[in-house]
Amino acid sequence: MASKGELILEVRDLVKHFPLTQGIVVKRQIGSIKAVDGVSFDLHRGETLGIVGESGCGKSTLAKLLMALETPTSGSVRVAGKDLATAKGADLKRIRRNIQMVMQDPYTSLNPRMTVGDIVGEPFEIHAEVAPKGDRRKKVQDLLEVVGLNPDHINRYPHQFSGGQRQRIGIARGLALQPEIIVCDEPVSALDVSIQAQVINLLERLQDEFGLAYIFIAHDLSVVRHISDRVAVMYLGKVVEIGKDTEIYDRPSHPYTQALLSAVPVPDPEGRESRERIILQGDPPSPANPPSGCRFRTRCWKAQEICAQEEPLLQIRPGVGHPSACHFAEAHDVVHATG
Amino acid sequence: MKNPSVDTHLLPADNLGTAPLLAVDNLHVEFKTRQGLVRAVNGVSYALHAGETLAVLGESGSGKSVTAQAIMGILDMPPANIPKGEIRFRGTDLLKLSDNARSQIRGQQIAMVFQDALSALNPVFTVGWQIAEMFRVHRGMSKKAAYAKAIELMDRVRIPAARQRVNDYPHQFSGGMRQRIMIAMSIALDPEVLIADEPTTALDVTVQAQIMELLAELQRDSNMAMILITHDLGVVADVADKIAVMYGGRIVENAPVHDVYKNPAHPYTKGLLESIPRVDLKGQELYAIKGLPPNLLDMPTGCAFHPRCPYRQDDCVTDVPPLHEISGTRSSACHYWREVLDGVQG
Ligand SMILES: Nc1ncnc2c1ncn2[C@@H]1O[C@H](COP(=O)(O)OP(=O)(O)OP(=O)(O)O)[C@@H](O)[C@H]1O
Ligand SMILES: Nc1ncnc2c1ncn2[C@@H]1O[C@H](COP(=O)(O)OP(=O)(O)O)[C@@H](O)[C@H]1O
Ligand code: SF4
Ligand code: SF4
Ligand SMILES: [Mg+2]
Ligand SMILES: [Mg+2]
């Protein structure tokens, strides 16, 4: 199922460095935080690419770059063949319309003083061509219906809804401009377990209905597996492994992917004593000062001299079959292994 | 509408015959708020033996933390009030003790790790000072001896270079390290019971694995009993001996961990387990419990789960289900637990 349709998003060598400054009156740049540091991938129409990785590895910064909410330091984002950085006028407007976002926190991402109707209909203010003024109310009510909310609640305020319902409001707003791509940054993390499944089902139904492509950022690896066609694993601003869901989950080849997967608790107590677990020591290093060579080497149990000297490129490695950024990549099923 | 209470002899007790170390019995906690009386805990019962890990599972607002705060004796009263129930530690009802006697138990015999370590630690004191304070106040140690103990504990919870970092402030540590410092403080006085309230919810899975391993190791070393509050079905499956599932301020199911995952006896537990994404069901719709968690200001009549329950019958709307004993170690607050166990939907 990997490539369902034509290429819709091309990300090439994308870099975002935030300046690290010192001094209060006169700010001096003393370095930079390498939040996203050379990320490339493709996304096809109707496809879901999951993005996983530890806190601070650059997932949200990547999302903001895709949304043009941040300007890249270098690299490019092409949406349906048009370069985000150089597009102007009507082209730029079209690109922006075509890629929308659903945020993590349903409690803070909606303006509390706006009604649901205003929130969902706000994108029409900028893109009036999608819904002429007279049609808007009806359009918004249709959108509420699509995401499973009562269209009669159009005049209510966010605080009158539960977390799961607010996330639906955020999704309705994301759908308003009929985009082809939706970037979901932790869309279910703040929700209760019993509500998460409802929202995931909704996202999947909308994808089928409208042929949407998703970038799905989440830290719950089982949710990511459920929804994704392909998965990219990030570590300190870089993609260290990318492949089909089965390739990443059943045959992970990068030590970091293996450690990440083995750390996920399995919701079944049977055999828990004999499960293989790779417990990483310490925290990820600071993105202001990443290790030379392979960025994972300070926590890697397989590290050799070459790992400090030579950066392992994200490429297909012998015996692996999908791109992996490790000199010693070796497929190994950690989830089903017992040791 | 009857309000069922539970005798402790109905509580799961793996060590039948030995009295539990800690027993919460028919606990009720309510809060006076502007909107009205919030009945946050409506008859919670669970028990714990030395060395045991009890996982308390439930979604946010189900009363997990309020129960824990009642055990610790850290609820502000008012607005909180405990109209009914007992919390017995080694047979003594803590609710009947003087404030002074309770503060002796707090920290020394029963200690707690909070979800949000950053707000639980004092930002204006160094972590070393905060850990050492435990030893100065409760053990009457000298400043120097207390600091030495603090460094030893930081080592024990594997803070790298503990000696160099003892004078750092909480904000200078990562989330995972702050949680280790919280754990260091909580185990400082060798408590018999440790309550860990969502200790890893804010952390990455890799750090979560480190913290859970640390807690298991500390528990093995000292035979400490642990109440692990969480909403993560994976974490529960990994570490719990037994489970108490909460819904709308009540325990709906009490059981040994293997039994629950093999065959849940309450429709809510069953729904939660079924909504976990499974590899063999990829591409299919996830099972989802319909509807919303209950509003404590406007609780459904009868069984609080009835508006969402696929097993509901007419009496569920009117009669509160008592905690039925299924076996010596299991109970379920469902009129139709037999049907649920057999998987026969009503
Ligand atoms: N505006 C900014 N200025 C400086 N540094 C920033 C800025 N935004 C992000 N960063 C840094 O960039 C790195 C990546 O941050 P980002 O928010 O993308 O992480 P993330 O992967 O989304 O993490 P999480 O899982 O916690 O959401 C972090 O070190 C962060 O502190
Ligand atoms: N100080 C308080 N005043 C009023 N209501 C409270 C207070 N503390 C907790 N509650 C309410 O009690 C219920 C249970 O809360 P809690 O035990 O924190 O849930 P959880 O299961 O998520 O830990 C919630 O509805 C919460 O809003
Ligand atoms: S390149 Fe070296 S340090 Fe990096 S993951 Fe592979 S073995 Fe480990
Ligand atoms: S008592 Fe009735 S409504 Fe409640 S869980 Fe059991 S079957 Fe469902
Ligand atoms: Mg983020
Ligand atoms: Mg809580």
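Not measured: the values here are computed from a predicted model. (Residues numbered from 1 in each chain as written. Chains lettered and ligands numbered in written order. Predicted model: local features only at pLDDT ≥ 70, side-chain atom pairs only at ≥ 80, totals over all residues. Heavy atoms only, no water.)

The next thing to look at is the overall build of chain B. Summing up its helical and strand segments, chain B has 12 helices and 12 strands in all. For chain B, whose C-alpha radius of gyration is 21 Å, the value lies close to the compact-globule estimate of 20 Å for 346 residues. The principal-axis extent of the C-alpha atoms belonging to chain B is close to 65 × 50 × 45 Å. Counting every position in chain B, which comprises 346 residues, the buried fraction comes to 55%. Pairs at least 24 apart in sequence give 65% of the contacts found in chain B among residues at least 6 apart. Accessible area of chain B: about 14,700 Å², with a carbon and sulfur share of 50%. The averaged location of the 38 negative side-chain charges in chain B is 5 Å from the averaged location of its 34 positive side-chain charges. (Helix = DSSP H or I, 4+ residues; strand = E, 2+ residues; numbered from the N terminus. Rg over C-alpha atoms; globule rule 2.2 N^0.38 Å. Buried < 20%, exposed > 50% of the residue type's maximum accessible area, 1.4 Å probe, protein only. Contact = heavy atoms within 4.5 Å. Areas by Shrake-Rupley, 256 points an atom, 1.4 Å probe, with all protein chains shown as cover. Lys, Arg positive; Asp, Glu negative; His and termini not counted. Charge placed at Lys NZ, Arg CZ, Asp CG, Glu CD.)

Below, the discussion takes up helix H11 (residues 267–274) of chain B. Among the eight residues of H11 of chain B, seven are classified as buried, and the element is accordingly described as predominantly covered. Residues of H11 of chain B that are buried include every one of Pro-267, Tyr-268, Thr-269, Lys-270, Gly-271, Leu-272 and Leu-273 of chain B, and no others.

Before going further, it helps to spend a moment on the site of ligand 2. Residue and element names in this part refer to chain B. The immediate surroundings of ligand 2 are formed by Phe-31, Thr-33, Ala-40, Glu-59, Ser-60, Gly-61, Ser-62, Gly-63, Lys-64, Ser-65, Val-66 and Leu-296. Contacts to ligand 2 include Gly-61, whose backbone N or O atom sits 2.7 Å from an oxygen atom. In this structure, Ser-65 approaches ligand 2 through a side-chain N or O atom, which is 2.6 Å from an oxygen atom. Computed on the free molecule, ligand 2 has an accessible area of 560 Å², of which 66% lies beneath the protein chains in the complex. Of all the elements in the fold, those that place two or more residues in the shell around ligand 2 are strand S1 (22–33) and helix H1 (64–72). Of the residues forming the shell around ligand 2, the biggest block, three residues, is contributed by H1. For the shell around ligand 2, the per-class residue count stands at four nonpolar, six polar and two charged. (Near = heavy atom within 4 Å. Polar contact = N/O pair within 3.5 Å; in protein donor to acceptor, adjacent residues only side chain to side chain. Nonpolar A, V, L, I, M, F, W, Y, C, P; charged D, E, K, R; others polar.)

Moving on, we come to the sheet that holds strand S2 (residues 36–48) of chain B. Residue and element names in this part refer to chain B. In space, the four strands of this open sheet follow the order S2-S1-S4-S5, with antiparallel pairing throughout. A single partner strand is all that each edge strand has here, and the edge strands are S2 and strand S5 (92–93). Bridge count for strand S4 (residues 80–89) against S5 is two bridges, and the pairing is antiparallel. Following the sheet pairing, Arg-88 is matched in S5 by Asp-93. Against the sheet, H1 touches S1, S2 and S4, its axis set at about 110° to S1. (Pairing = 2+ DSSP bridges. Axes fitted to C-alpha atoms, helices over the stretch in contact; angles between N-to-C directions.)

Let us now look at the interface of chain A and chain B. Contacts between the two partners involve 39 residues from chain A, matched on the other side by 45 residues from chain B. With both chains or domains summed, chain A and chain B bury close to 3,400 Å², and 56% of this area falls on carbon and sulfur atoms. Between chain A and chain B we count three salt bridges in total. As a salt-bridge pair, Arg-277 of chain A and Asp-238 of chain B come within 2.9 Å of each other at their nearest N and O atoms. Between the two partners, chain A and chain B, sit 14 residue pairs in polar contact (both at pLDDT 80 or more). Mapped onto the side of chain A that touches chain B, the elements with two or more residues apiece are helix H7 (193–210), helix H8 (221–227) and helix H10 (255–263) of chain A. Taken together, the residues of the side of chain A that touches chain B sort by class into 16 nonpolar, 11 polar and 12 charged. (Buried area = accessible area lost by both parts, 1.4 Å probe. Salt bridge = Lys/Arg side-chain N within 4 Å of Asp/Glu carboxyl O.)

Following the UniProt record, one finds the feature "domain: ABC transporter" (unreviewed entry) at residues 22–273 of chain B. Each end of residues 22–273 of chain B is marked by a C-alpha atom, and these two atoms are 28 Å apart; helix forms 40% of the span and strand 28%. (UniProt positions renumbered as here; feature names shortened; annotations may be inferred.)

All names here are of chain A. Residues in close proximity to ligand 1 include Phe-18, Ile-33, Ala-35, Ser-55, Gly-56, Cys-57, Gly-58, Lys-59, Ser-60, Thr-61 and Pro-287, which together make up its full environment. The separation between an oxygen atom of ligand 1 and a polar main-chain atom of Gly-56 is 2.7 Å. Ser-60 has a polar side-chain atom sitting 2.7 Å from an oxygen atom of ligand 1. Protein chains bury 64% of the 640 Å² of accessible surface belonging to ligand 1 in isolation. Of all the elements in the fold, those that place two or more residues in the shell around ligand 1 are strand S2 (28–44) and helix H1 (59–66). For the shell around ligand 1, the leading source of residues is H1, giving three residues. Of the residues that constitute the shell around ligand 1, the class distribution is five nonpolar, five polar and one charged.

Enumeration over the complete set of coordinates arrives at 33 salt bridges over all chains. Close ionic contact of Arg-299 of chain A with Glu-54 of chain A constitutes a salt bridge, the shortest N to O distance being 3.2 Å. Note that Arg-299 of chain A is positioned in the loop between H10 and helix H11 (305–309) and Glu-54 of chain A in the loop between strand S3 (48–52) and H1, a separation of 245 residues in sequence. Across this residue pair, the class does not change: Arg-299 of chain A and Glu-54 of chain A are buried. Its salt-bridge partner being Lys-96 of chain B, residue Glu-86 of chain B comes within 3.9 Å of it at the nearest N-O pair. With Glu-86 of chain B in strand S4 and Lys-96 of chain B in the loop between S5 and helix H2 (99–105), this residue pair connects regions lying 10 residues apart in the sequence. Accessibility expressed as a relative area gives 27% for Glu-86 of chain B, which makes it partly exposed. When salt bridges that share partners are traced, they join Asp-25, Glu-86, Arg-88, Asp-93 and Lys-96 of chain B into one network.

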